[in-house]
Amino acid sequence: MLYRYKKSFEKIAMGLLSFMPKERELKKLQQTMHIYEENPDWQLFLWKKGDDFVGLLGVEVGEETYTIHHLSVNPSHRGYGIGHEMVDKIQDIMQNRRMLATEETEAFLKKCPVKKGGL
Ligand SMILES: CC(C)(COP(=O)(O)OP(=O)(O)OC[C@H]1O[C@@H](n2cnc3c(N)ncnc32)[C@H](O)[C@@H]1OP(=O)(O)O)[C@@H](O)C(=O)NCCC(=O)NCCS
């Protein structure tokens, strides 16, 4: 299940975000977290499996589109479909908006079924 980010999830969110190739440096990571915390259009979600948060998905929401900027899964849980499940659920949450990718997320998103046009 996808949970909306809140401040008490900050450490686990930063850990998961750091798996994104461009977020490895602490300073960049902190800047990105700041964007999600300060800007209501930037929304962060965490995927919980059992008692643990093992996945992260971050979107920038526009009026008719949303862009998936960040998508990561804890390395111990990769290859079990969590990435696909998160993309499936965010499409439900974003309803009729069209999904867009960044250069970083495009290759994976192209592998995911698209429900309402987009990409
Ligand atoms: C990308 C990522 C989120 C996928 O999570 P996951 O839970 O392992 O994904 P799923 O189990 O749903 O899907 C696995 C499939 O995605 C493919 N895949 C993994 N990373 C990929 C990528 N960057 N580009 C394209 N395909 C990718 C796998 O090869 C596998 O393909 P197969 O089913 O044909 O064997 C995870 O590998 C990750 O956290 N990577 C590091 C962060 C990152 O680089 N993010 C940017 C890309 S979104």
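Located above this text is the structure these notes cover.
On a predicted model such as this, the values are computed, not experimentally measured, just so you know.

Visitor: What is the right way to look at the site of the ligand in this model?
Guide: In the region of the ligand, 17 residues are neighbours, and Val 73, Gly 79, Gly 81, Gly 83 and His 84 sit closest. At a separation of 2.7 Å, an oxygen atom of the ligand approaches a polar backbone atom of Gly 79. A distance of 3.3 Å separates an oxygen atom of the ligand from a polar backbone atom of Tyr 80. Calculation on the ligand without its partners gives an accessible area of 850 Å², and the protein chains cover 66% of this total. The cavity that encloses the ligand is the largest pocket. Among the secondary structure elements, those contributing two or more residues to the shell around the ligand are strand E4 (65-73), helix H3 (82-93) and helix H4 (106-109). Here the shell around the ligand is built from residues that sort into nine nonpolar, five polar and three charged.

Visitor: Could you clarify how one ought to interpret the nonpolar core in this entry?
Guide: Across soluble globular proteins, you tend to see nonpolar side chains buried next to one another. Counting residues in hydrophobic clusters, the biggest one holds 19 residues, and the most contacted among them are Leu 57, Val 59, Ile 68, Met 86 and Ile 90. Excluding residues within four positions of it along the chain, Val 59 makes contact with Tyr 36, Asp 41, Trp 42, Gln 43, Phe 45, Tyr 66, Thr 67, Ile 68, Ile 90 and Met 94. Counting 15 residues, the second-largest nonpolar core is a separate cluster that includes Ala 13, Leu 16, Met 33 and Leu 46.

Visitor: When you look at the side chain of Ser 72 in this model, what are you seeing that I'm missing?
Guide: The topology assignment puts Ser 72 in strand E4. What makes Ser 72 buried here is its relative accessible area of 5%. A polar side-chain atom of Ser 72 sits 2.6 Å from the main-chain carbonyl oxygen of Leu 16. Beyond its immediate stretch of four places on either side in the chain, Ser 72 contacts Leu 16, Leu 17, Phe 19, Val 54, Gly 55, Leu 56 and Met 86.

Visitor: Which parts of the structure should I look at to understand the packing of aromatic side chains?
Guide: Aromatic rings in a pair are described by how distant their centres are and how their planes are angled relative to each other. Inspection of the entire model under this criterion finds three aromatic pairs. Here the aromatic rings of Tyr 36 and Trp 42 are separated by 5.5 Å at their centres, their planes lie at 75 degrees, and the arrangement is edge-to-face. Taken individually, Tyr 36 and Trp 42 each receive the classification buried, so the pair is uniform in this respect. A connected cluster of aromatic rings, assembled from ring pairs, spans Tyr 3, Phe 9 and Phe 53. The cationic tip of Lys 48 hangs over the ring face of Tyr 3; the distance from NZ or CZ to the ring centre is 5.7 Å. Sitting over the face of the ring of Phe 19, Arg 78 holds its NZ or CZ atom 5.3 Å from the ring centroid.

Visitor: Sorry if this is basic, but what is going on with the layout of surface pockets here?
Guide: If a probe as big as a water molecule is rolled over the atoms, it shows which places are left empty. Roughly 330 Å³ of internal volume is contained in the largest pocket. Lining the largest pocket are 16 residues, with Leu 71, Ser 72, Val 73, Arg 78 and Phe 108 positioned closest to its centre. Within the residue set of the lining of the largest pocket, elements represented by two or more residues are E4 and H3. Taken together, the residues that form the lining of the largest pocket break down as seven nonpolar, seven polar and two charged. Taken as a whole, the second largest pocket encloses approximately 150 Å³ of empty space. Around the second largest pocket sit Lys 22, Glu 23, Lys 28, Thr 32, Ile 35, Trp 42, His 69, His 70, Thr 102, Glu 103 and Glu 104, which together line it. At the level of secondary structure, the elements contributing two or more residues to the lining of the second largest pocket comprise helix H2 (26-38) and E4. Here the lining of the second largest pocket gets three residues from one element, more than from any other, and that element is H2. In the lining of the second largest pocket, the residues fall into two nonpolar, four polar and five charged.

The rules behind these values
- Residues numbered from 1 in each chain as written.
- Predicted model: local features only at pLDDT ≥ 70, side-chain atom pairs only at ≥ 80, totals over all residues.
- Heavy atoms only, no water.
- Near = heavy atom within 4 Å.
- Polar contact = N/O pair within 3.5 Å; in protein donor to acceptor, adjacent residues only side chain to side chain.
- Areas by Shrake-Rupley, 256 points an atom, 1.4 Å probe, with all protein chains shown as cover.
- 1 Å grid on protein atoms, 1.4 Å probe; cavity = no way out; pocket = protein on both sides within 12 Å on 5 of 7 lines; lining within 4 Å.
- Sits in = over half its atoms within 2 Å of the grid points.
- Helix = DSSP H or I, 4+ residues; strand = E, 2+ residues; numbered from the N terminus.
- Nonpolar A, V, L, I, M, F, W, Y, C, P; charged D, E, K, R; others polar.
- Core = buried A, V, L, I, M, F, W, Y, C linked by side-chain atoms within 4.5 Å.
- Buried < 20%, exposed > 50% of the residue type's maximum accessible area, 1.4 Å probe, protein only.
- Contact = heavy atoms within 4.5 Å.
- Phe/Tyr/Trp six-rings, centres within 6.5 Å; stacked < 30°, edge-to-face > 60°.
- Lys NZ or Arg CZ within 6 Å of the ring centre and 35° of its normal.
- Points joined across faces, edges and corners; volume = space filled by probe spheres on them.

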